[in-house]
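Descriptive structure summary
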Amino acid sequence: MLKTQLEYKAIARSVVFEVVNESYSTQICSSCGTIPASSPKGRASLGIREWACSECGVEHRDTNVALNILVAGHPRLEVGISLL
Ligand SMILES: [Zn+2]
């Protein structure tokens, strides 16, 4: 329902709307692209807001998932999408 509403609003305002695969977006380190052993896993860890990547040492906060979603949509946005 939320995606439908976002798509409707985006199209109404000529904004690009892209649905991407969000699998593992909470576990992937947005800095090095790996799924480190230290990343939050499972439903029990959904409340974890800060964690450090055991592979590259970067400390993540709430923006890690947003960065992974942005990267997932970037290849298509990079070449440009005509809404006309
Ligand atoms: Zn990392």
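Attention in this report is confined to the structure presented alongside it. (Residues numbered from 1 in each chain as written. Predicted model: local features only at pLDDT ≥ 70, side-chain atom pairs only at ≥ 80, totals over all residues. Heavy atoms only, no water.)

1. Thoughts on the coordination of the zinc ion
For a metal with four tetrahedral donors the ideal donor-metal-donor angle is 109.5 degrees, while six octahedral donors give ideal angles of 90 or 180 degrees. Convention followed: In this listing, donors mean N, O and S atoms no farther than 2.8 Å from the metal, or 3.2 Å for Na, K and Ca; water is missing from the atoms, so a site can look incomplete. Here the metal geometry follows the donor angles, with tetrahedral for four donors whose angles all fall between 85 and 135 degrees, square planar for four and octahedral for six when opposite donors are more than 155 degrees apart and every other angle is between 65 and 115, and irregular for all the rest. Only runs of H or I of at least four residues qualify as helices and only runs of E of at least two qualify as strands under DSSP, and these elements are numbered from the N terminus. Remark: exposure states derive from per-residue accessible area (1.4 Å probe, protein chains only) relative to the maximum for the residue type, with buried under 20%, exposed over 50%, and partly exposed in between.
Within the protein, the zinc ion binds to Cys29 (SG), Cys32 (SG), Cys53 (SG) and Cys56 (SG); these donor distances fall in the range 2.3 Å. If you look at the zinc ion, its four donor atoms make angles of 104 to 116 degrees with each other, and the shape they trace is tetrahedral. We note that the donor set of the zinc ion lies within a single chain, spaced as C-x2-C-x20-C-x2-C. Here cysteine 32 is found in the loop between α1 (2-12) and β1 (51-52), whereas its partner cysteine 53 is found in the loop between β1 and β2 (59-60), with 21 residues between them in sequence. The partly exposed category is assigned to cysteine 32, whose relative accessible area is 32%.

2. Let's talk about the environment of alanine 66
Position of alanine 66 among the secondary structure elements: in helix α2 (residues 63-79). Spatially, the C-alpha atoms of alanine 66 and threonine 26 are 9.1 Å apart, while their sequence positions differ by 40 residues.

3. What about unusual backbone geometry?
Within the chain, serine 14 stands out as a residue other than glycine whose phi angle is a positive 55 degrees. Looking at the element boundaries, serine 14 is found in the loop between α1 and β1. Residue serine 14 is classed as exposed on the basis of its relative accessible area of 58%. Even without a glycine there, the phi angle at tyrosine 24 is positive, about 65 degrees. Structurally, tyrosine 24 can be placed in the loop between α1 and β1. What makes tyrosine 24 exposed here is its relative accessible area of 53%.

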